[in-house]
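Structural overview
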Amino acid sequence: MRKIFFAVVLMAVIPCICHGAGYALFTYGIGGEIDESSYAIELGGIYLSNLHPTGGALSFGLGVGIGDTDENPPSTATAPSGTTFRNLRDYNDGNEQEVFLSLGAEMVPAIYAVVGIGYSSQDEVTVGVADDEMFEVDSETKHYVPWMVGVRYVREFFTVGVGYHARRGVTASIGIAF
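Residues numbered from 1 in each chain as written. Predicted model: local features only at pLDDT ≥ 70, side-chain atom pairs only at ≥ 80, totals over all residues. Heavy atoms only, no water.

1. Some points on the packing of aromatic side chains
Going through the model one piece at a time under the given rule, you end up with 4 aromatic pairs. Consider the rings of Phe 85 and Phe 135, whose centres lie 6.4 Å apart with planes at 65°: the pair is edge-to-face. Of this pair, Phe 85 sits in the loop between β4 (77-78) and β5 (86-92) while Phe 135 sits in strand β8 (residues 133-144), placing them 50 residues apart in sequence. Overall, Phe 85 belongs to the partly exposed group, its relative accessible area being 25%. Pairing Trp 147 with Tyr 164 gives two aromatic rings, centres 5.8 Å apart and planes at 45°, and the pair type is tilted. Taken as a pair, Trp 147 in strand β9 (residues 147-155) and Tyr 164 in strand β10 (residues 158-165) lie far apart in primary sequence, 17 residues in all. A residue is classified by how much of its surface remains accessible, and Trp 147, at 43% relative accessible area, is partly exposed. Connected via pairs of aromatic rings, a cluster forms that spans Phe 26, Tyr 28 and Tyr 39. The ring of Tyr 144 carries Arg 167 above its face, with NZ or CZ at 3.7 Å from the centroid. (Phe/Tyr/Trp six-rings, centres within 6.5 Å; stacked < 30°, edge-to-face > 60°. Helix = DSSP H or I, 4+ residues; strand = E, 2+ residues; numbered from the N terminus. Buried < 20%, exposed > 50% of the residue type's maximum accessible area, 1.4 Å probe, protein only. Lys NZ or Arg CZ within 6 Å of the ring centre and 35° of its normal.)

This is the structure in structure tokens:
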């Protein structure tokens, strides 16, 4: 909890010290590889930079997301060793969690091209049938490295964007810039 508090304070204070602006975004996504609804929150900063090719602004954000991928696997017992299974099926167990980093560059005043990369994980359970009873055959955590592209419009007190995320599909975001 202390780490989260420290990160939030850092994301809010650094833009003020560097004569920049901060932003907070809520993002909703649908489609993509998980093909279910997803939600994300991103905090970031916008800074004037001489690294920008035309002297514009760059943005940097950190976020967390969750994909509603829980398939409610049936309650099962662990199978006795040496059991032969039929009808094996994989279930997503719980929601997919993600942390990500986004970078943006101002293309024209107030319009930003944004790219991002993240890390997500999903628990998966394999269930099989033996003697007309369901058993858990295997359990593992899948790991992914999703990417994101998008466009954002940022004005003081308002930001909105659209994009595509490899795991979460088409995304729409709305938030505040301060």
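2. A closer look at the pairing of strand β1 (residues 21-30)
Both β1 and strand β2 (residues 38-48) contribute to a ladder of 9 bridges, which runs antiparallel. In the sheet register, Ala 24 faces β2, and the bridge partner there is Leu 43. Pairing between β1 and strand β11 (residues 169-177): 8 bridges, direction antiparallel. Bridge assignment links Leu 25 to a residue of β11, and that residue is Gly 175. (Pairing = 2+ DSSP bridges.)

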